[in-house]
Amino acid sequence: SKSEPSAQAPQSAQAPSAAASGAAPRKNLTIAVVTHGQASDTFWSVVKNGVNNAAQDSGVTVTYNAPQTFDMVAMSRLIDAEVAKKPDGLVVSIPDAEALSRSIRAAVDAGIPVISINSGADVYKGLGVLLHVGQTEYEAGVGGGEKMAATGVKNVLCVNHEVGNASLDLRCKGFLDAVAKAGGTGRVLSVNAADPTDSQQKVSAALTGGVDGILTLGPLSSNAALAALRQGGSLGKVKLGTFDLTPDVLSGIQGGELEFAIDQQQYLQGYLPIVLLSQYKQFGVLPAGGVLPTGPGFVTRETASRVIELSKQGIR
Amino acid sequence: MSSLEGGRVPLLEVEGLARSFGKVAALEDVSMNVHAGEVMCVLGDNGAGKSTLIKTLSGVHLPDRGIMRIAGEEVRLKSPREARDRGIATVYQDLAMVPMLSIVRNFFLGAEPMKGVWPFRWFDLGAADAVVRTELEKMGIRVRNTSEAVGTLSGGERQSIAIARAVYFGARVLILDEPTSALGVKQAGIVLRYVAQARARGCGVILVTHNPHHAWLIGDRFTILNRGRSQGTFSKDQITREELIQRMAGGRELEELTHELGEFKRETTARVAVSS
Amino acid sequence: MSSLEGGRVPLLEVEGLARSFGKVAALEDVSMNVHAGEVMCVLGDNGAGKSTLIKTLSGVHLPDRGIMRIAGEEVRLKSPREARDRGIATVYQDLAMVPMLSIVRNFFLGAEPMKGVWPFRWFDLGAADAVVRTELEKMGIRVRNTSEAVGTLSGGERQSIAIARAVYFGARVLILDEPTSALGVKQAGIVLRYVAQARARGCGVILVTHNPHHAWLIGDRFTILNRGRSQGTFSKDQITREELIQRMAGGRELEELTHELGEFKRETTARVAVSS
Amino acid sequence: MRRILNRPELGAACGVVAVWLFFASYAGGSGFLSQAGAATYLEIASELGLLAVAVSMLMIAGEFDLSVGSMIAACGMTISLLCDRLGWSLWAAIAVAAVLALAVGLLNGLVVTRTKLPSFIVTLGTLFILSGATIGVTRLVTGRTQVGGLRQALHYASAETLFASRIGVFSVSILWWIGITVLASWVLLRTRFGNWIFGAGGAPDAARNLGVPVARVKIAMFMTTALCACLIATFQAVKFTGSDVLRGTGKELEAILAAVLGGTLLTGGHGSVLGAALGALIFGMVQQGIVFAGVDSDWYKVFLGVMLVGAVLVNTYVRGRMVEARR
Amino acid sequence: MRRILNRPELGAACGVVAVWLFFASYAGGSGFLSQAGAATYLEIASELGLLAVAVSMLMIAGEFDLSVGSMIAACGMTISLLCDRLGWSLWAAIAVAAVLALAVGLLNGLVVTRTKLPSFIVTLGTLFILSGATIGVTRLVTGRTQVGGLRQALHYASAETLFASRIGVFSVSILWWIGITVLASWVLLRTRFGNWIFGAGGAPDAARNLGVPVARVKIAMFMTTALCACLIATFQAVKFTGSDVLRGTGKELEAILAAVLGGTLLTGGHGSVLGAALGALIFGMVQQGIVFAGVDSDWYKVFLGVMLVGAVLVNTYVRGRMVEARR
Ligand SMILES: Nc1ncnc2c1ncn2[C@@H]1O[C@H](COP(=O)(O)OP(=O)(O)OP(=O)(O)O)[C@@H](O)[C@H]1O
Ligand SMILES: Nc1ncnc2c1ncn2[C@@H]1O[C@H](COP(=O)(O)OP(=O)(O)OP(=O)(O)O)[C@@H](O)[C@H]1O
Ligand SMILES: [Mg+2]
Ligand SMILES: [Mg+2]
């Protein structure tokens with residue numbers, strides 16, 4: 001069953017609408033997902049849940065791979081390996097187009113339909129990728145910055161828990177740019193994601209400089225920032241926003257300890273491409289839009305209670 | 001010495017001992033014994049297997065074949081600790097000292113004197129220190145400070161400490177592997193006196209040495225090893241000092257040497273005369 | 001030996017050498033020299049500073065004070081390599097062998113024979129192997145395989161290889177630190193013969209030994225160290241063998257010992273008689 | 001006087017003073033000198049110090065343990081999962097985690113002493129396995145990588161008092177740190193077992209010849225180290241009312257560094273528990289001092305590297321003599 | 001026959017066969033056996049192998065270098081920045097990066113041999129400093145953490161031929177790997193310098209007494225290692241037409257692991273270049289084989305850990321005798 005789809009893959013890539021298998025019953029499709037997000041990352045674990053649910057819903061086989069660290073070289077090698085396995089479709093994130101272009105082009109040249117997710121909205125077309133699902137990190141950061149500026153803060157902190165991860169850099173940049181536009185200032189504080197005590201105490205130390213707004217880039221640091229605010233007795237005085245949802249973050253929003261959470265609905269970034277690819281592979285249909293934005297959405301005190309149960313299931 | 005042997009059960013006895021390392025048969029069929037109150041000297045060339053024999057006796061190596069008896073009871077020593085518990089104290093050729101540890105801690109390593117009631121029992125460093133000082137003094141060694149690291153001492157000083165330790169703990173059998181080789185005449189004399197004292201206390205002593213003079217001076221019986229095989233055991237009245245040196249394959253060599261040296265000297269003088 | 005000394009420039013000479021380690025003065029004001037074609041024995045107690053003296057002569061330690069001359073020229077050796085380049089070959093008491101390296105690689109470490117044209121020059125292992133085999137055979141050592149690691153050899157075998165190496169490379173001055181202490185009588189004889197051969201070739205030899213018999217057999221002059229200070233130098237015609245042993249603080253000790261041992265034995269017999 | 005100069009921890013003590021003076025003068029105005037400031041770096045130092053104390057003893061016994069970091073994640077996750085999913089009492093969960101830690105330590109020790117493989121390799125394998133298993137199991141059970149909600153667990157209040165309360169602004173973990181350092185120091189320097197640790201690391205063959213049960217000593221130290229990792233996991237799980245699978249990553253290296261700063265040799269056989277505790281203090285002060293000083297976080301690592309090498313150099317220089325056996 | 005059994009790389013060779021057989025039977029159908037599959041793991045192995053060869057020689061000389069990972073980032077960034085911002089010729093940029101690498105290697109070596117500090121600590125410091133400086137400088141100059149556009153650089157085509165071209169599906173780096181392994185093996189086993197490396201690592205004091213310039217040997221090996229790291233940086237920069245500041249993270253550990261898999265002792269004085277190359281091959285096969293086998297990436301680390309310990313055990317078992325000097 002392996003050789004069959006691969007034999008016709010080139011044709012279907014050239015002329016999707018004329019796919020020979022168009023009317024055939026649903027086949028045993030294999031779709032490979034390679035992202036830059038580690039299995040241990042809270043954000044990406046939701047993406048992966050989306051991937052798995054989609055696989056179940058549409059009855060396809062998926063493999064999910066990601067390098068153990070933010071490592072473009074390792075990621076390109078994972079794509080190479082997946083391409084060597086000749087899947088029926090490929091889903092990738094493109095945080096560094098330069099580094100990944102060779103491997104992605106190789107996949108496209110091999111006739112594998114590719115959809116990009118999360119990052120890469122600006123470059124996907126040039127690489128021969130069919131569609132992009134997701135939103136750019138920079139815009140999400142800008143959204144957070146605008147929301148934060150609206151609460152009237154002047155001196156903000158962007159807590160980065162993984163220096164060098166390009167997508168986190170973009171979030172901070174967008175955030176700080178938006179705050180600067182509104183007349184505030186801010187800086188980046190890097191913390192160790194693996195050590196909440198370290199993160200907490202670093203935020204505590206940074207708070208002595210008169211900070212009145214904090215954006216954390218993930219739940220790992222938002223918990224620590226919350227603890228730091230509690231320790232310093234400045235809960236509510238210092239506004240706190242965060243990326244991505246967890247039950248703790250949501251209950252914090254409910255309790256008014258957090259201002260907002262930026263939700264990229266990354267579950268959809270995992271779910272949609274699998275469904276799209278399986279439909280495309282079977283029937284040759286594909287949305288014409290180009291970029292399917294999944295965010296940014298904001299969860300605030302008003303909307304938190306609805307989301308909390310879903311978050312426990314790892315869907316938001 | 002026959003008065004000490006007749007019919008009595010030896011303190012330590014091995015029969016048909018064999019041990020190889022990979023393809024090297026370090027010991028093949030070695031039998032020997034030692035009685036209370038005697039010094040058994042083990043002699044032999046380099047690589048004859050003396051150290052291997054001693055390590056087997058003290059539980060460092062397990063023998064491949066052979067029987068070992070302590071006071072008549074057949075045993076199979078699985079660890080040095082077991083040997084020690086059965087009263088066998090050993091000074092290894094490669095010393096068994098921890099270089100970075102202090103003199104006093106080395107001295108008592110594995111047999112620390114304790115103080116206090118369980119579970120609050122601790123290492124009685126004060127008592128240990130006092131013991132070490134007196135023991136070393138007895139050996140004629142003056143150390144500046146017993147908390148100094150052993151690694152900074154001279155080879156001979158280290159050797160002396162190892163011997164003092166074994167003598168102090170030596171209950172029934174004391175095994176010494178070339179204890180005097182790194183020592184000056186004075187210290188060597190002190191060590192030999194120690195051995196004599198241990199014997200007088202009723203210890204059985206097994207002594208490996210390359211020095212036939214020392215061996216003859218202190219030994220009661222002599223076992224000669226050659227390429228891992230025993231060449232026989234002789235008591236002091238069965239063999240003369242000259243025969244012993246002969247058997248150690250050294251007597252003739254030394255004589256020849258004295259002869260040769262004379263010739264060389266003549267040559268040299270001639271050469272120097274020519275060249276100058 | 002006065003014929004060799006009168007007026008001639010010594011091969012190696014030190015004056016007023018001093019060296020301490022922290023608070024320990026290992027050498028204080030030591031003067032000595034060695035001429036071509038003679039064996040200078042350095043004698044002394046444990047910790048007297050013999051090894052330190054030798055390490056200073058071979059460039060391992062820099063002296064704190066004192067002058068060193070090689071063939072009359074004042075030098076300051078900064079590394080063992082420099083000493084070697086000036087023709088000083090040394091066998092250290094702590095051997096200077098790399099345990100995990102093969103015999104042949106150890107033998108030539110730091111002075112590998114080369115083959116080929118630059119930059120494609122390589123270590124001529126074949127030639128090296130042949131040299132090692134013949135040199136070791138000359139010393140009466142049969143090794144199974146020169147590519148075996150040195151770490152698996154017995155102490156004496158290692159010692160012999162170190163000496164064979166120094167003799168092979170020994171150009172003008174050969175320094176040996178207790179070369180015979182770990183050796184059997186036979187091997188010790190061979191080593192002494194080597195020393196005699198080196199002397200006959202016009203080498204100056206500095207020999208540290210604890211064995212007064214060996215010293216007397218081979219030495220032309222004797223320097224005695226005590227606690228880092230020189231106690232004087234004697235040529236063979238200025239001192240008798242008995243005096244030498246005496247000065248090594250051992251003669252009387254050994255005599256006393258023989259006496260004591262007799263007494264101990266009597267005690268022992270008495271005790272054994274009582275206890276049985 | 002000479003005795004003091006010979007102590008391995010002297011260098012670390014001087015390092016502590018030097019680092020403190022540096023930040024006091026450079027960043028004193030920004031809160032480094034305040035009580036709250038001291039509380040922040042003492043809290044970091046106390047958690048790292050607990051671990052460094054055990055790690056330094058293991059290193060003195062001649063072995064490494066690279067799996068402590070992932071042990072923190074595994075134990076923390078065990079506690080959180082048992083409480084959150086099965087509704088266990090927090091204390092029971094902590095007990096199970098401790099048993100797990102001891103078992104892994106035992107396994108590490110057994111493999112290292114039986115196979116004679118370098119502990120560096122064996123525990124690196126354990127690191128991968130533990131960390132992978134933590135991720136795998138957590139995602140299998142919860143579909144997420146972070147589990148919270150410990151505040152609702154049974155008996156949370158009593159555990160919080162013990163592990164996460166504050167005395168004034170200071171964290172209670174500081175008391176634990178001091179207590180364990182004193183205890184470990186006593187064991188190492190004043191008991192028979194302590195002497196055996198030195199022997200097992202300094203010259204294992206010699207120690208074995210003298211009757212020291214070297215293998216058992218090493219296994220005991222592996223188990224102690226794992227237990228200390230579990231203790232830190234408990235602190236953090238209780239304090240942050242939850243766990244995630246990344247927690248503890250890299251802690252093994254920090255602990256080894258703290259031990260080395262404190263004068264423990266990488267080769268084993270020499271070192272000091274008190275020194276390791278001080279090394280952790282240096283680490284905590286540098287980490288927080290940089291934030292107080294407002295150094296741009298891009299340059300944080302440069303600063304850390306320079307401080308690290310500087311502290312080790314001061315350490316070595318003060319100790320007067322260079323370490324003999326290296327690596 | 002006995003000669004072969006005594007070679008340190010025998011274990012690694014058996015490991016290669018075992019791992020290959022495992023994946024061939026378990027994941028053979030999914031492309032592991034295809035030419036493209038072989039090309040992917042050979043490419044990984046070739047880059048890691050280049051580094052592991054140098055690292056194993058450094059380890060034989062008795063030292064570690066933990067800074068190679070950040071050296072890859074630093075060199076790659078240097079090349080990219082010089083080309084992208086200043087419009088330099090790619091070759092000139094590579095030359096500057098190589099000089100930088102040699103300078104850092106020299107510095108590492110000088111500090112280690114002068115201060116007698118453990119290389120583990122010194123190069124950990126270098127790791128922090130280099131990695132921090134790379135992040136700092138890159139963000140200062142570009143405001144980003146990744147720099148691309150190397151394809152437009154002067155002389156890109158010739159560099160691409162040498163560093164990033166393909167022979168069939170196989171990367172040209174495989175040729176480099178084989179060439180450097182052969183050369184390094186020759187140097188180590190057949191030249192004077194090679195003998196000195198063994199001496200410097202096995203018993204530095206003894207070697208020094210025999211006239212081996214131990215410090216110079218070690219410094220030379222530090223420089224070689226840094227240069228190899230730079231070579232890998234060049235490969236990756238040219239192939240991926242750009243660099244990012246995280247590149248190379250963790251490579252130091254992988255290289256050490258490959259060397260150990262290949263039979264090199266962590267204590268120095270014993271090891272094999274060929275073994276390190278084979279160790280890298282094992283690593284590459286495991287890393288890619290897991291993907292081919294479709295192992296859920298949640299469990300990837302568990303698999304890696306088990307394979308690692310397994311490979312080392314096979315290695316040790318095959319070699320018949322356990323290593324004597326450990327750690
Ligand atoms: N652990 C070991 N591994 C391999 N071979 C060994 C080992 N121990 C000893 N041998 C070999 O066994 C033989 C006997 O060694 P042993 O040390 O017992 O000799 P010895 O009589 O003590 O010699 P010496 O007088 O030189 O100390 C030697 O050839 C040695 O190479
Ligand atoms: N590296 C060192 N550090 C500290 N002290 C040392 C060092 N080397 C030697 N010493 C001390 O210097 C003194 C002389 O030592 P040395 O080794 O020269 O004696 P030796 O005459 O060779 O003794 P032996 O006959 O026992 O070999 C000893 O007290 C020793 O402790
Ligand atoms: Mg022996
Ligand atoms: Mg000496």
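Just so you know, these numbers come straight off a predicted model, no measurement behind them. (Residues numbered from 1 in each chain as written. Chains lettered and ligands numbered in written order. Predicted model: local features only at pLDDT ≥ 70, side-chain atom pairs only at ≥ 80, totals over all residues. Heavy atoms only, no water.)

Brief notes about the overall build of chain B
Threshold: Only DSSP runs of H or I reaching four residues or more are called helices, and only runs of E reaching two or more are called strands; each is numbered from the N terminus. Throughout, exposure labels follow a simple rule: accessible area from a 1.4 Å probe, protein chains only, divided by the maximum for the residue type, with under 20% read as buried, over 50% as exposed, and the rest as partly exposed. Throughout, a contact is declared for two residues whenever any of their heavy atoms are within 4.5 Å. Methods summary: accessible areas were calculated by the Shrake-Rupley approach with a probe of 1.4 Å, and residue burial reflects only the protein chains presented.
The number of helices and strands found in chain B is 10 helices and 12 strands. Out of the 276 residues belonging to chain B, those deemed buried represent 55%. For chain B, the share of sequence-separated contacts (at least 6 apart) that also reach a separation of at least 24 residues comes to 66%. Total accessible area on chain B stands at roughly 11,300 Å², and carbon and sulfur atoms take up 50% of it.

A closer look at the interface of chain E and chain D
Operational definition: Summed over both partners, the accessible surface that disappears when two parts come together, traced with a 1.4 Å probe, is what is meant by buried area. Salt bridge criterion: a side-chain nitrogen from Lys or Arg within 4 Å of a carboxyl oxygen from Asp or Glu. Two N or O atoms form a polar contact when they lie within 3.5 Å of each other; inside protein one atom must be a possible hydrogen donor and the other a possible acceptor, and for residues adjacent in sequence the pair counts only when both atoms belong to side chains. Just so you know the grouping, Ala, Val, Leu, Ile, Met, Phe, Trp, Tyr, Cys and Pro go in nonpolar, Asp, Glu, Lys and Arg go in charged, and all remaining residues, Gly too, go in polar.
Contact residues are listed per partner, giving 48 residues for chain E and 48 residues for chain D. Between chain E and chain D lies a buried interface of about 4,300 Å² when both sides are counted; carbon and sulfur atoms form 74% of it. Counting the contacts that link chain E with chain D gives 0 salt bridges. Summed over the shared surface of chain E and chain D, the number is 2 residue pairs in polar contact (both at pLDDT 80 or more). Elements that contribute at least two residues to the side of chain E that touches chain D include exactly helix 5 (90-115), helix 6 (119-142), helix 12 (251-261) and helix 14 (300-318) of chain E. Ranked by residues supplied to the side of chain E that touches chain D, first place goes to helix 6 of chain E with 15 residues. In terms of residue class, the side of chain E that touches chain D is made up of 29 nonpolar, 11 polar and 8 charged.

Observations regarding the site of ligand 1
Where we set the bar: Residue proximity to a molecule or strand is established when one non-hydrogen atom of the residue lies within 4 Å of it.
Residues in close proximity to ligand 1 total 19 residues, the closest being Gly47, Lys50, Ser51 and Thr52 of chain B together with Thr152 of chain C. Close to ligand 1, residues of chains B and C are found. The separation between an oxygen atom of ligand 1 and a polar side-chain atom of His210 of chain B is 3.1 Å. If you list the elements that add at least two residues to the shell around ligand 1, you get helix 2 (50-57) of chain B together with helix 6 (155-169) of chain C. Residues of the shell around ligand 1, tallied by class, amount to 4 nonpolar, 11 polar and 4 charged.

Considerations on the relation of the copies chain E and chain D
Rules: The copies were overlaid with a least-squares fit restricted to C-alpha atoms from residues scoring a pLDDT of at least 70 in each copy.
The two copies are related by a screw operation: chain E maps onto chain D through 180° of rotation and 0.0 Å of translation along the axis, at an RMSD of 0.1 Å. Expressed as a symmetry operation, the mapping of one chain copy onto the other fits a two-fold axis. Every residue of chain E has its C-alpha some distance from the rotation axis, and the shortest such distance is that of Thr267 of chain E, at 4.5 Å.

Let's talk about the interface of chain D and chain B
Each partner contributes residues to the interface: chain D has 25 residues there, and chain B has 25 residues. Surface buried jointly by chain D and chain B totals about 2,200 Å² across both partners, of which 58% is contributed by carbon and sulfur atoms. A per-residue breakdown of the area chain D buries against chain B is headed by Asn195, Asn209 and Leu210 of chain D, which together make up 32% of the total. At the boundary of chain D and chain B, one finds 1 salt bridge. The partner of Glu112 of chain B in a salt bridge is Arg192 of chain D, and the shortest N-O contact between them spans 3.3 Å. For the interface between chain D and chain B, the tally reads 8 residue pairs in polar contact (both at pLDDT 80 or more). At the level of elements, helix 8 (173-190), helix 9 (192-202) and helix 10 (204-209) of chain D are the ones that each hand at least two residues to the side of chain D that touches chain B. The element best represented in the side of chain D that touches chain B is helix 9 of chain D, accounting for 6 residues. Residues belonging to the side of chain D that touches chain B are distributed by class as follows: 12 nonpolar, 9 polar and 4 charged.

Looking at the domain arrangement of chain B
All names here are of chain B. The following threshold applies: Note that domain bounds follow an automatic or database assignment of domains.
Each assigned domain of chain B is listed here: domain 1 (12-239) and domain 2 (242-275). At the interface, 13 residues of domain 1 touch 5 residues of domain 2. When domain 1 packs against domain 2, the two sides together hide about 750 Å² of surface, and 81% of this comes from carbon and sulfur. Area buried by domain 1 at its contact with domain 2 is led by Pro212, Ile224 and Ile239, which between them contribute 51% of it. Along the contact surface separating domain 1 from domain 2 lie 0 salt bridges. Counting across the interface, domain 1 meets domain 2 through 0 residue pairs in polar contact (both at pLDDT 80 or more).

Quick look at the sheet that holds strand 5 (residues 73-75) of chain C
Residue and element names in this part refer to chain C. What counts, and what does not: A pair of strands is considered paired only if DSSP assigns at least 2 bridges between the two. Angles shown run from 0 to 180 degrees and are taken between the N-to-C directions of axes, each axis being a line fitted to C-alpha atoms and, for helices, limited to the stretch in contact.
Strand order in this open sheet of 4 strands is 2-1-4-5, and the pairing throughout is antiparallel. The sheet terminates laterally at strand 2 (24-34) and strand 5, the two strands that pair on one side only. Direction aside, neighbouring strands of the sheet carry axes that sit 30° apart on average.

Brief notes about the site of ligand 2
As a structural note, the neighbourhood of ligand 2 is formed by 19 residues, with Thr152 of chain B together with Gly47, Lys50, Ser51 and Thr52 of chain C the closest of them. Those residues lying near ligand 2 are distributed over chains B and C. In this structure, Lys50 of chain C approaches ligand 2 through a side-chain N or O atom, which is 2.8 Å from an oxygen atom. Side-chain polar atom of His210 of chain C to an oxygen atom of ligand 2: 3.1 Å apart, as the coordinates give it. For ligand 2, whose accessible area on its own is 630 Å², the fraction buried by protein is 83%.

Focus: the arrangement of the chains
No other pair of the 8 pairs of chains in contact has as many contacts as chains D and E. Separated throughout, chain A and chain B approach each other most closely at a C-alpha pair spaced 35 Å apart. The closest approach of any C-alpha atom in chain A to one in chain C is 37 Å; the two make no contact.

Side note on the state of the cysteines
All names here are of chain A. The line we're drawing: Two cysteine sulfur atoms form a disulfide, by the criterion used here, when they sit within 2.5 Å.
Following the criterion strictly, the structure yields 1 disulfide over all chains and no others. Shown here is the disulfide that connects Cys158 with Cys172, its sulfur atoms set 1.9 Å apart. Because the torsion about its S-S bond is -90°, the bridge between Cys158 and Cys172 counts as left-handed. Residue Cys158 is found in strand 6 (residues 155-160), and its partner Cys172 is found in helix 6 (residues 166-181); the two are separated by 14 residues along the sequence. Overall, Cys158 belongs to the buried group, its relative accessible area being 0%.

Observations regarding the environment of Val312 of chain E
With respect to the helices and strands, the residue Val312 of chain E is situated in helix 14. Considered as a pair, Val312 of chain E and Leu90 of chain E are 222 residues apart in the sequence and their alpha carbons are 41 Å apart. Beyond its immediate chain neighbours, meaning those up to four positions away, Val312 of chain E contacts Leu117 and Ile121 of chain D together with Leu261 of chain E.

Things to note about the side chain of Thr90 of chain C
Residues and elements named next belong to chain C. Relative to the helices and strands, Thr90 resides in strand 6 (residues 88-91). Classification of Thr90 as buried rests on a relative accessible area of 14%. Within the structure, Thr90 has its side chain in polar contact with the side chain of Ser58 (distance 3.5 Å). Those residues in contact with Thr90, other than ones at most four positions away along the chain, are Ile54, Ser58, Ala166 and Ile175.

Observations concerning the side chain of Ser46 of chain D
Relative to the elements of secondary structure, Ser46 of chain D occurs in helix 3 (residues 35-60). The residues contacting Ser46 of chain D, other than those within four sequence positions of it, are Ser173, Ile174 and Trp177 of chain D.

A short note on the packing of aromatic side chains
Heads up, the condition is: Between rings of Phe, Tyr and Trp, where Trp is taken as its six-membered ring, a pair exists when centres lie within 6.5 Å; planes separated by under 30 degrees are stacked, by over 60 edge-to-face, and by other angles tilted. Criterion for a charge above a ring: Arg CZ or Lys NZ at most 6 Å from the ring centre, at most 35 degrees from the ring normal.
On inspection of all chains with the given rule, the structure shows 37 aromatic pairs over all chains. Ring geometry for Phe22 of chain D and Phe23 of chain D: centres 5.1 Å apart, planes at 80°, overall edge-to-face. Its relative accessible area of 0% is what places Phe23 of chain D among the buried residues. Ring plane angle 40° and centroid distance 5.6 Å describe the contact between Phe23 of chain D and Phe32 of chain D, whose orientation is recorded as tilted. The rings of Phe22, Phe23, Tyr26, Phe32, Tyr41, Phe292 and Phe303 of chain D are connected pair by pair, giving a single aromatic cluster. Over the aromatic face of Phe43 of chain A sits the side chain of Arg171 of chain A, whose NZ or CZ is 5.5 Å from the ring centroid. Against the face of Trp216 of chain C rests Lys236 of chain C, its NZ or CZ located 5.3 Å from the ring centre.

Focus on the pairing of strand 2 (residues 24-34) of chain B
Residues and elements named next belong to chain B. Pairing of strand 1 (residues 12-21) with strand 2, which is carried by 7 bridges, proceeds in the antiparallel orientation. Residue pairing across strands places Val14 opposite Met32, the latter belonging to strand 2. The antiparallel pairing of strand 1 with strand 2 creates a hairpin that spans 2 residues between the two strands, and Gly22 there sits at a positive phi of about 55°.

Structural notes on the packing of helix 12 of chain E against helix 13 (residues 273-292) of chain E
All names here are of chain E. To keep things clear, this is the line we draw: In a left-handed crossing the near helix is turned counterclockwise from the far helix by less than a right angle, and in a right-handed crossing that turn is clockwise.
Running from amino to carboxyl end, helix 12 crosses helix 13 at an angle of 115°, the nearest separation of the two axes being 7 Å. By crossing handedness, the relation of helix 12 to helix 13 is classed as right-handed. Counted together, Glu254, Leu257, Ala258, Ala259 and Leu261 of helix 12 and Gly275, Ala276, Gly279, Ala280, Ile282, Phe283 and Gln287 of helix 13 form the full contact between these two elements. Looking at side-chain class alone, the contact of helix 12 with helix 13 contains 8 nonpolar, 3 polar and 1 charged residues.

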